[in-house]
Amino acid sequence: MEVLHFLFGVFGNATALFLFLSPAITFKRIIKSNSTEQFSGVPYVMTLLNCLLSAWYGLPFVSKNNILVSTINGTGAAIESIYVIIFIIYAPKKEKAKILGLFTFVLTVFSAVALISLFALHGNGRKLFCGLAATIFSIIMYASPLSIMRLVIKTKSVEFMPFFLSLFVFLCGTSWFIYGLLGGDAFVAVPNGFGCGLGTMQLILYFIYRNNTGLSSPEMKKASGNGTIEMNGAEKPHQEKQGNGKVPQDEQV
């Protein structure tokens with residue numbers, strides 16, 4: 001059982017790393033154009049908070065046998081920090097102020113959780129407090145693809161929901177769900193069970209609409225509401241293919 005627990009944790013690390021690295025194409029484009037264009041920096045800041053809280057929860061003095069949760073989320077926090085810094089550098093003044101404010105909020109929340117858990121809570125109380133905080137933001141991150149799923153249904157096209165990204169959301173959620181079950185940890189199993197379900201829904205939608213040509217450009221613009229397509233919280237012009245700019249669907253674990 002312990003061997004299976006470890007193996008699913010390693011597999012979860014690999015799939016989650018893919019998801020964390022998937023927005024790299026977006027930031028390559030941002031650097032090349034010296035502009036954040038219509039992309040939103042909010043998902044990256046919130047994913048950073050999610051990674052920080054989950055990495056903290058996985059530490060031995062908070063929860064036992066969850067060091068693999070800490071390794072991948074610590075890595076994710078470093079990657080997301082780079083994304084946030086790049087976004088702040090290239091964002092226009094108004095957006096820069098917004099993201100800086102959110103970044104300050106993220107650091108404040110994480111610091112509060114860490115300090116309270118260190119000095120005011122012990123044992124099961126510490127695990128419960130940190131676990132609830134990590135679970136809430138994990139579910140929020142997994143729920144982020146709902147907007148693109150809605151768009152797929154409206155446009156009858158999977159142009160902005162690439163198969164491999166959806167597949168790795170499913171694999172990541174499933175592996176960490178099983179990891180949580182094997183370890184008897186509801187704070188890992190519950191949010192990732194939610195992620196597994198959403199990943200399954202994305203794959204089902206993909207196979208339903210994969211051969212459809214979708215709506216024409218004017219219809220696509222009308223369906224998206226304002227002429228932009230939102231992929232997990234990051235806006236992009238509707239003319240752009242998803243392969244040229246991805247945003248996080250993290251799995252937070």
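Residues numbered from 1 in each chain as written. Predicted model: local features only at pLDDT ≥ 70, side-chain atom pairs only at ≥ 80, totals over all residues. Heavy atoms only, no water.

Bringing a nonpolar patch on the surface into the picture now. On the surface, a nonpolar cluster with roughly 470 Å² of combined accessible area is contributed by Val 3, Leu 4, Phe 6, Leu 7 and Val 10. Topologically, Val 10 is positioned in helix H1 (residues 2-21). Residue classification places Val 10 among the partly exposed residues on the basis of a relative accessible area of 38%. (Patch = residues over 30% accessible without salt bridge, like charges linked within 9 Å, V, L, I, M, F, W, Y side chains within 5 Å. Areas by Shrake-Rupley, 256 points an atom, 1.4 Å probe, with all protein chains shown as cover. Salt bridge = Lys/Arg side-chain N within 4 Å of Asp/Glu carboxyl O. Helix = DSSP H or I, 4+ residues; strand = E, 2+ residues; numbered from the N terminus. Buried < 20%, exposed > 50% of the residue type's maximum accessible area, 1.4 Å probe, protein only.)

Quick look at unusual backbone geometry now. Phi angles above zero are rare outside glycine, and Asn 34 is one such case at about 55°. Relative to the helices and strands, Asn 34 is located in the loop between helix H2 (24-33) and helix H3 (42-57). For Asn 65, which is not a glycine, the phi torsion comes out positive at approximately 60°.

Here we come to the nonpolar core. Within the largest apolar cluster, 55 residues are counted, with the highest numbers of intra-cluster contacts made by Phe 27, Leu 49, Leu 53, Phe 87, Met 161 and Trp 176. Not counting residues up to four positions away in its chain, the partners in contact with Leu 53 are Phe 110, Val 113, Ala 133, Ala 134 and Phe 137. (Core = buried A, V, L, I, M, F, W, Y, C linked by side-chain atoms within 4.5 Å. Contact = heavy atoms within 4.5 Å.)

With respect to the helices, strands and loops of the structure, Ser 70 is situated in helix H4 (residues 67-90). At 3.3 Å, the side chain of Ser 70 and the backbone oxygen of Gly 58 are in polar contact. Every residue in contact with Ser 70, bar those within four places of it in the chain, is listed here: Ala 55, Gly 58 and Leu 59. (Polar contact = N/O pair within 3.5 Å; in protein donor to acceptor, adjacent residues only side chain to side chain.)

For Pro 60, the position within the fold is in the loop between H3 and H4. As a C-alpha pair, Pro 60 and Ser 70 span ten residues in sequence and 9.3 Å in three-dimensional space.

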